[in-house]
There are 2 protein chains.
Amino acid sequence: MRMGRPREFDAETALDQAMEVFWRHGYEGATIAQLTEAMGINPPSLYACFGNKEGLLKAALDRYTKLRGVWMDEVVAAPTARDVAERMLMGIADKQTDPANPPGCLLVQGGIACGSGSENVPFELAARRAQNEDQLRDRFIRAKAEGDLKESSDPAALARYVSAVSVGMGVMASSGADREALRQVATVAVQAVEAQSVDKT
Amino acid sequence: MRMGRPREFDAETALDQAMEVFWRHGYEGATIAQLTEAMGINPPSLYACFGNKEGLLKAALDRYTKLRGVWMDEVVAAPTARDVAERMLMGIADKQTDPANPPGCLLVQGGIACGSGSENVPFELAARRAQNEDQLRDRFIRAKAEGDLKESSDPAALARYVSAVSVGMGVMASSGADREALRQVATVAVQAVEAQSVDKT
DNA sequence: CCACATCTGTAGTGAACACTACATATCTGG
DNA sequence: CCAGATATGTAGTGTTCACTACAGATGTGG
């Protein structure tokens, strides 16, 4: 099997740069010119490697969720449902205001509404957000089985709730909310999970 | 003063149609062709009346917040902070899944991230969301003064929290969540406000 | 009825967009 | 060293975008 000329750029490093552009400008707002400049390559290299703009987005999302998945595993490893929610929301407050990244969450900033021809982009992002929600739901189901959450609690509703707060915090972060403001939101939000928990006194 | 030829379309009716296009496709995803077709006019009429695309968006946002403001007044008229939160979030669950409108909230769907040249669009939307948050905060300050909310509570944080949940619910609605799912989120979310309220037993 | 002002429809404008043809460069297998 | 295969840089491609020039239509004031 012939190999041909090897590519001169690192795909993952380039993806990190592309991720940041999508994160900051959204899928439709990001132009190929911006992407190629950030990635340090020319359009033909981009298309040879990722197919098209949407393929590049999906590759960037894969990388994002992969990195984020490691953190999510730590989140659901917390001992109680309340601690899971706290670790999740407090972590999000910090991550979404980390100056190393654009503010907010790529799974939201990427594109909530899109024009004709990109209708599946919001769908794609929603599917990735749903993965996190599923992970939370499974964790809360376990918490209920362990007697950590009340019998009257609804693990799926709780997971949806935490997921909704996360998304809301992301939007607030992208529009300028600082870390302290997001932490306050997280602190309040955790109390709803606490209300569904069995007292430990 | 000369009057000239009168316009042949109703500006508010046209704005309602434009609002729906922005709502469904976002600012960048909406094209002038889609907007003019929905409004039933030709481009020159649009530009003569609203200046440019961004001017049309602002006019649509003005109309949206005006209509929404009436409802917000009813929300903050609820007797307690807890009831304000419940009325707000339950109402949002219903409104954002009303088949008469596109799903979600225009102030979010309009555009969270935009490309170069439209950077102020997300800012504009954020400013309108902040108005609602301010209204909630003022109501919660009153609730605290009335002894409805605990002395330890933070009205500004509570308002941010309810605002964040609202936004999160909007994003979920736009990606297919049904009314029942959103109501469950609202039900859980209200419990955090309850936890900040003085017991009425 | 005329001068003027404003609106409307047709038909475009230049610019920016995602994407690619093509020639050249750099690798592997033999 | 050669043949085939893949990557790269230059320089475009056609399309779509927001926006507008212009001419004709429709109103008001004198």
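Everything quoted here is computed from the prediction, not taken from an experiment. (Residues numbered from 1 in each chain as written. Chains lettered and ligands numbered in written order. Predicted model: local features only at pLDDT ≥ 70, side-chain atom pairs only at ≥ 80, totals over all residues. Heavy atoms only, no water.)

Peer 1: Explain the overall build of chain A residue by residue, including any values.
Peer 2: When helices and strands are tallied, chain A shows 9 helices and 0 strands. Within chain A, buried positions represent 52% of all 201 residues. Long-range contacts, defined as pairs at least 24 residues apart, comprise 67% of the intrachain contacts of chain A with a sequence gap of at least 6. In the structure as shown, chain A presents an accessible area of about 9100 Å², 50% of it carried by carbon and sulfur atoms. (Helix = DSSP H or I, 4+ residues; strand = E, 2+ residues; numbered from the N terminus. Buried < 20%, exposed > 50% of the residue type's maximum accessible area, 1.4 Å probe, protein only. Contact = heavy atoms within 4.5 Å. Areas by Shrake-Rupley, 256 points an atom, 1.4 Å probe, with all protein chains shown as cover.)

Peer 1: Let's hear about the protein's contact with DNA strand C: which residues, and what values?
Peer 2: Close to DNA strand C lie 25 residues; Ile32 and Lys53 of chain A together with Arg5, Glu8 and Asn42 of chain B are nearest. Close to the protein, within 4 Å, the atoms of DNA strand C are drawn from sugar and phosphate at a rate of 72%. Between a phosphate oxygen of DNA strand C and a main-chain N or O atom of Ile32 of chain A, the distance comes to 2.8 Å. Contact distances for DNA strand C include 2.7 Å between a phosphate oxygen and a side-chain N or O atom of Asn42 of chain B. If you list the elements that add at least two residues to the surface near DNA strand C, you get helix H3 (43-50) of chain A together with helix H3 (43-50) of chain B. Residue contributions to the surface near DNA strand C peak at 3 residues, all from H3 of chain A. Residues belonging to the surface near DNA strand C are distributed by class as follows: 12 nonpolar, 6 polar and 7 charged. (Near = heavy atom within 4 Å. Polar contact = N/O pair within 3.5 Å; in protein donor to acceptor, adjacent residues only side chain to side chain. Nonpolar A, V, L, I, M, F, W, Y, C, P; charged D, E, K, R; others polar.)

Peer 1: Before we move on, can you summarise the relation of the copies chain B and chain A with the specific residues and values?
Peer 2: The operation relating chain B to chain A is a screw motion whose rotation component is 180°, with 0.0 Å of axial translation and a residual RMSD of 0.0 Å. In the structure described here, the two chain copies are related by an operation that fits a two-fold rotation axis. Comparing interface residues between copies, 100% of those in chain B also lie at the interface in chain A; the contact surface is shared. (Least-squares fit on C-alpha atoms with pLDDT ≥ 70 in both.)

Peer 1: So, the protein's contact with DNA strand D: which residues are in play, and what are the values?
Peer 2: Inspection of the region around DNA strand D gives 25 residues, with Arg5, Glu8 and Asn42 of chain A together with Ile32 and Lys53 of chain B positioned closest. Ala30 of chain B places a polar main-chain atom, nitrogen or oxygen, 3.1 Å from a phosphate oxygen of DNA strand D. One of the side-chain nitrogen or oxygen atoms of Lys53 of chain B is found 2.9 Å away from a phosphate oxygen of DNA strand D. Sorting the residues of the surface near DNA strand D by element identifies H3 of chain A together with H3 of chain B as the ones contributing at least two each.

Peer 1: Describe helix H5 (residues 81-95) of chain A, listing the residues and the values that go with them.
Peer 2: In an α-helix, one full turn covers 3.6 residues, which means residues spaced three or four apart are oriented alike. Residues and elements named next belong to chain A. Here H5 is 15 residues long and its end C-alpha atoms lie 21 Å apart, about the 21 Å a rise of 1.5 Å per residue gives. Buried residues of H5: Ala81, Val84, Ala85, Met88, Leu89, Gly91, Ile92 and Ala93, and no others. The secondary structure elements touched by the buried residues of H5 are helix H4 (53-76), helix H7 (120-145), helix H8 (155-174) and helix H9 (179-195). (Expected span 1.5 Å × (residues − 1).)

Peer 1: Report on the UniProt feature "DNA-binding region" (unreviewed entry) in chain A, specifying residues and quantitative values.
Peer 2: Summarizing the sequence annotation, UniProt attributes the feature "DNA-binding region" (unreviewed entry) to residues 31-50 of chain A in the numbering used throughout. The distance separating the terminal C-alpha atoms of residues 31-50 of chain A is 15 Å; by composition the span is 80% helix and 0% strand. (UniProt positions renumbered as here; feature names shortened; annotations may be inferred.)

Peer 1: Outline the environment of Thr31 of chain B, listing residues and values.
Peer 2: Here Thr31 of chain B shows up in the loop between helix H1 (11-29) and helix H2 (32-39). The sequence separation of Thr31 of chain B and Val21 of chain B amounts to 10 residues, and the corresponding C-alpha distance is 8.8 Å.

Peer 1: Lay out the interface of chain B and chain A in plain terms, naming residues and giving numbers.
Peer 2: Counting residues at the interface gives 38 residues for chain B and 38 residues for chain A. Buried surface at the junction of chain B and chain A, summed over both partners, amounts to about 3000 Å²; 63% is from carbon and sulfur atoms. Its largest share of buried area at the contact with chain A, chain B owes to Ile112, Arg160 and Val188 of chain B, together 17% of the area lost on that side. Between chain B and chain A we count 0 salt bridges in total. (Buried area = accessible area lost by both parts, 1.4 Å probe. Salt bridge = Lys/Arg side-chain N within 4 Å of Asp/Glu carboxyl O.)

Peer 1: Residue-level account of empty space enclosed by the protein, with values.
Peer 2: Taken as a whole, this structure holds 4 cavities of 30 Å³ or more when the rule is applied. Size it by volume and the largest cavity reaches roughly 160 Å³. Contributing elements (two or more residues each) for the lining of the largest cavity: helix H1 (11-29) and helix H6 (106-109) of chain A together with H1 and helix H6 (106-109) of chain B. Of the residues in the lining of the largest cavity, the class split is 10 nonpolar, 12 polar and 2 charged. (1 Å grid on protein atoms, 1.4 Å probe; cavity = no way out; pocket = protein on both sides within 12 Å on 5 of 7 lines; lining within 4 Å. Points joined across faces, edges and corners; volume = space filled by probe spheres on them.)

Peer 1: Give me the pattern of salt bridges: which residues, what numbers.
Peer 2: This model, assessed by the stated rule, comprises 28 salt bridges over all chains. In this structure, Arg82 of chain A and Asp83 of chain A form a salt bridge, with 3.0 Å as the shortest nitrogen-oxygen distance. Of the residues examined, Arg82 of chain A reaches a relative accessible area of 22% and is grouped as partly exposed. Looking at Asp83 of chain A, the relative accessible area reads 24%, which means it is partly exposed. A salt bridge links Arg183 of chain B to Asp94 of chain B, with the nearest nitrogen and oxygen atoms 2.9 Å apart. Pair noted here: Arg183 of chain B is in helix H9 (residues 179-195) and Asp94 of chain B is in helix H5 (residues 81-95), with a separation of 89 residues, a long-range link. Assessed through its relative accessible area of 29%, Arg183 of chain B is described here as partly exposed. Asp94 of chain B sits in the partly exposed class, given a relative accessible area of 26%. Through salt bridges with shared partners, a single network forms among Arg82, Asp83, Glu86 and Glu194 of chain A.

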